[in-house]
There are 2 protein chains.
Amino acid sequence: MKLAISGKGGVGKTTIAAALIKSFAETHKTVYAIDADPDACLATAIGIPETIASGLKPIVEMRDLIRAKTGDGTFFTLNPQVDDVLEDYSYRFNNIRFIRMGGIKKGGSECYCRENTFLNAVVSSLLLDSNEVVVMDMGAGIEHLSRGTAKGVDLMLVVVEPSRNSINTANLVKKLAADLGIRKVRIIGNKIRSPREEEFIKGQFPPEEILGFIEFNHEIWESAMEPNSVAAGNLLAGMRKVREKILREAGDQ
Amino acid sequence: MKLAISGKGGVGKTTIAAALIKSFAETHKTVYAIDADPDACLATAIGIPETIASGLKPIVEMRDLIRAKTGDGTFFTLNPQVDDVLEDYSYRFNNIRFIRMGGIKKGGSECYCRENTFLNAVVSSLLLDSNEVVVMDMGAGIEHLSRGTAKGVDLMLVVVEPSRNSINTANLVKKLAADLGIRKVRIIGNKIRSPREEEFIKGQFPPEEILGFIEFNHEIWESAMEPNSVAAGNLLAGMRKVREKILREAGDQ
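Here the structure is a predicted model, which means the values were calculated and not measured. (Residues numbered from 1 in each chain as written. Chains lettered and ligands numbered in written order. Predicted model: local features only at pLDDT ≥ 70, side-chain atom pairs only at ≥ 80, totals over all residues. Heavy atoms only, no water.)

1. Examining the packing of aromatic side chains
For the coordinates displayed, the defined rule picks out five aromatic pairs over all chains. Aromatic pair A:Trp221 and B:Trp221: ring centres 5.6 Å apart, planes at 45°, arrangement tilted. Separated into two different chains, A:Trp221 in helix H10 (residues 218-222) and B:Trp221 in helix H10 (residues 218-222) make up a pair that spans both. Here A:Trp221 falls in the partly exposed class, since its relative accessible area comes to 25%. Three or more aromatic residues link up through ring pairs in this structure, and these residues are A:Phe216, A:Trp221, B:Phe216 and B:Trp221. The ring of B:Trp221 has A:Arg193 sitting right over it, with the charged end atom 3.5 Å from the ring centre. (Phe/Tyr/Trp six-rings, centres within 6.5 Å; stacked < 30°, edge-to-face > 60°. Helix = DSSP H or I, 4+ residues; strand = E, 2+ residues; numbered from the N terminus. Buried < 20%, exposed > 50% of the residue type's maximum accessible area, 1.4 Å probe, protein only. Lys NZ or Arg CZ within 6 Å of the ring centre and 35° of its normal.)

Written out as structure tokens, the structure is:
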């Protein structure tokens with residue numbers, strides 16, 4: 001299964017992505033954790049030192065290597081021919097395999113279009129066993145959708161908080177994901193402080209679209225100034241439930 | 001003066017931008033309010049109905065009109081020749097002139113590179129009187145910097161909150177802004193709940209780089225579920241001080 005996590009800036013995408021990755025790592029053989037946001041911090045959120053993450057080679061450089069291996073410009077199946085190539089561009093952390101879309105560029109030098117296109121190709125090409133999963137943490141907002149970066153995913157998770165703006169973004173994501181042919185979009189309500197806030201989100205989406213709610217976590221908020229703010233235990237518990245719901249839904253089909 | 005507002009997703013860029021626009025509108029003849037984030041809501045934050053904002057023609061369409069007017073592909077001065085063109089693509093709201101970078105595209109259709117390039121050209125071309133100001137609300141993160149969208153601005157304001165991640169983004173913004181030749185980058189500390197949080201931010205930047213601190217505003221948080229959450233009065237008061245500091249610094253040079 002291939003999942004992407006999106007939503008408005010600041011709703012908690014990376015925190016949710018990290019907790020979901022950790023929860024999948026408890027039950028799955030390999031979790032591909034892909035950081036698709038050049039301003040993100042998925043690495044540290046899952047416990048990989050930032051120095052290691054920022055030292056990873058940008059995956060766009062893989063292209064030439066893959067061309068050399070496959071003999072032409074296309075690659076439809078990364079496994080098994082080029083799996084060893086991916087090895088060079090990822091970092092193994094227990095059964096998590098961390099991949100970073102792109103490093104920091106010089107100001108005014110260029111956009112991240114090439115990175116987005118190539119990441120789409122890589123994710124689309126990955127052939128997964130049933131005990132493997134891909135979780136991509138997307139950039140804030142919607143451009144990754146107009147670019148089609150997450151085109152090949154099976155499930156788009158949209159994180160919302162109890163705010164009108166984050167709901168508006170979620171509705172946009174739903175619309176654009178449909179353009180991309182992503183058939184399944186699900187909502188996770190984050191930072192819930194009261195039953196009223198949960199009701200507010202429930203009022204915005206059909207019940208079958210909502211995967212779950214995560215309580216507002218003061219521990220995370222208070223630890224935000226620390227060098228390594230780590231996801232709290234009850235968040236992981238919440239994401240285990242989300243994981244089971246995702247797997248159950250996938251099994252029903 | 002031309003200002004751009006950036007920072008990590010969720011730090012309060014748009015709220016700060018809207019309050020700054022309103023505070024400049026109290027003292028300046030014209031404030032160009034530019035929404036450079038396709039997933040943003042600057043319009044509603046300054047009191048323009050979303051239906052009007054989303055009905056605005058995308059400014060990229062201006063290009064052909066400007067070419068027709070100036071007779072070639074370049075335009076170095078938008079005023080006075082093509083000021084009437086800009087008129088068609090903006091919305092006047094009291095002495096605020098609202099411009100939107102681009103509308104929503106179909107999923108998988110294309111990136112926002114063209115919009116970013118053109119917006120840079122428009123902002124660079126604007127000749128301002130001393131009682132006119134441009135405030136651009138940039139997209140979350142850093143891609144607008146690697147693209148150089150805000151290349152022509154005099155001042156880059158970076159909004160941070162008391163979190164390590166938002167500080168990291170601010171440091172990246174500083175570095176990339178320097179690449180772009182933007183000489184002045186200033187910090188606004190937002191969502192401050194305690195002296196400890198203010199001290200944390202003060203510890204991260206030289207004192208002359210910090211423009212001010214905005215207290216955490218429960219009113220804004222609580223109103224986030226309302227259709228039109230409006231910036232609270234004490235935020236505007238805080239931004240008047242920031243405005244005066246910006247003008248004083250500019251006058252000193």
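2. A look at the interface of chain A and chain B
The interface is formed by 45 residues belonging to chain A together with 45 residues belonging to chain B. When chain A packs against chain B, the two sides together hide about 3,800 Å² of surface, and 56% of this comes from carbon and sulfur. The largest contributions to the chain A side of the interface with chain B come from A:Asp39, A:Trp221 and A:Met225, which together make up 20% of the buried area. Counting every contact that joins chain A to chain B gives eight salt bridges. Linking B:Asp39 and A:Lys8 is a salt bridge whose minimum nitrogen-to-oxygen distance equals 3.7 Å. On inspection of chain A and its partner chain B, the count reaches 24 residue pairs in polar contact (both at pLDDT 80 or more). Those elements that provide at least two residues to the side of chain A that touches chain B are helix H7 (143-147), helix H8 (164-179), helix H9 (195-202) and H10 of chain A. Among the elements that take part in the side of chain A that touches chain B, H8(A) stands out by supplying six residues, more than any other. Considered class by class, the residues forming the side of chain A that touches chain B number 20 nonpolar, 11 polar and 14 charged. (Contact = heavy atoms within 4.5 Å. Buried area = accessible area lost by both parts, 1.4 Å probe. Salt bridge = Lys/Arg side-chain N within 4 Å of Asp/Glu carboxyl O. Polar contact = N/O pair within 3.5 Å; in protein donor to acceptor, adjacent residues only side chain to side chain. Nonpolar A, V, L, I, M, F, W, Y, C, P; charged D, E, K, R; others polar.)

3. Some remarks on the sheet that holds strand E5 (residues 132-137) of chain B
Residues and elements named next belong to chain B. With mixed pairing, the eight strands of this open sheet are ordered in space as E3-E4-E2-E5-E1-E6-E7-E8. Each of the sheet's edge strands pairs with one partner strand only, and the pair in question is strand E3 (90-93) and strand E8 (210-215). Across the sheet, the mean angle from the axis of one strand to that of its neighbour is 20°, orientation sign disregarded. Here strand E2 (residues 30-35) runs beside strand E4 (residues 96-100); their pairing, made up of five bridges, is parallel. The residue of E4 that forms the bridge with Ile34 is Ile99. Lying on the sheet, helix H1 (residues 13-25) is in contact with strand E1 (2-6), E2, E4, E5, strand E6 (155-160), strand E7 (184-192) and E8; it crosses E5 at an angle near 170°. (Pairing = 2+ DSSP bridges. Axes fitted to C-alpha atoms, helices over the stretch in contact; angles between N-to-C directions.)

4. Observations concerning unusual backbone geometry
Residue and element names in this part refer to chain A. Phi angles above zero are rare outside glycine, and Lys191 is one such case at about 60°. Mapped onto the secondary structure, Lys191 falls in strand E7 (residues 184-192). With a relative accessible area of 22%, Lys191 lands in the partly exposed category.

5. Points about the relation of the copies chain A and chain B
Overlay of chain A on chain B (RMSD 0.0 Å): rotation 180°, translation along the axis 0.0 Å. Taken together, the rotation angle and the small translation identify this as a two-fold axis. Comparing interface residues between copies, 100% of those in chain A also sit at the interface in chain B, which points to an isologous, same-surface contact. (Least-squares fit on C-alpha atoms with pLDDT ≥ 70 in both.)

6. Focus: the sheet that holds strand E5 (residues 132-137) of chain A
All names here are of chain A. The eight strands lie next to each other as E3-E4-E2-E5-E1-E6-E7-E8, forming an open sheet whose pairing is mixed. Looking along the sheet, the strands with just one partner apiece sit at the ends: strand E3 (90-93) and strand E8 (210-215). The mean angle between the axes of side-by-side strands here comes to 20°, regardless of whether they run parallel or antiparallel. Its contacts with the sheet put helix H1 (residues 13-25) on strand E1 (2-6), strand E2 (30-35), strand E4 (96-100), E5, strand E6 (155-160), E7 and E8, and the angle it makes with E5 is roughly 170°.

7. Regarding the environment of A:Val242
As for its placement among the helices and strands, A:Val242 is situated in helix H11 (residues 233-252). C-alpha separation for the pair A:Val242 and A:Gly212, spaced 30 residues apart in sequence, amounts to 6.3 Å.

8. Notes on the side chain of B:Ser223
Looking at the element boundaries, B:Ser223 is found in the loop between H10 and helix H11 (233-252). At 3.1 Å, the side chain of B:Ser223 forms a polar contact with the backbone oxygen of B:Ile220.

9. Topic: helix H8 (residues 164-180) of chain B
Residues and elements named next belong to chain B. Between its first and last C-alpha, H8 extends 25 Å over 17 residues, near the 24 Å set by a 1.5 Å rise per residue. Three or more residues of H8 are buried, namely Ser166, Ile167, Thr169, Ala170, Leu172, Val173, Leu176, Ala177 and Leu180. Summarising the contacts, the buried residues of H8 are in contact with E1, helix H7 (143-147), E6, E7 and helix H9 (195-202). (Expected span 1.5 Å × (residues − 1).)

10. Re the pattern of salt bridges
One pass over the full model with this rule turns up 37 salt bridges over all chains. Taking the shortest distance from any N to any O, the salt bridge between B:Glu161 and B:Lys191 comes out at 3.1 Å. Taken together, the residues B:Glu161 in the loop between E6 and H8 and B:Lys191 in strand E7 connect sequence positions 30 residues apart. Salt-bridge contacts for B:Arg186 lead to B:Glu249; the nearest nitrogen and oxygen are separated by 3.2 Å. One end of the pair, B:Arg186, is in strand E7; the other, B:Glu249, is in helix H11, with 63 residues separating them in the sequence. Overall, the relative accessible area of 13% leaves B:Arg186 in the buried class. The structure contains a network of salt bridges with shared partners spanning A:Glu26, A:Arg240, A:Arg243 and A:Glu244.

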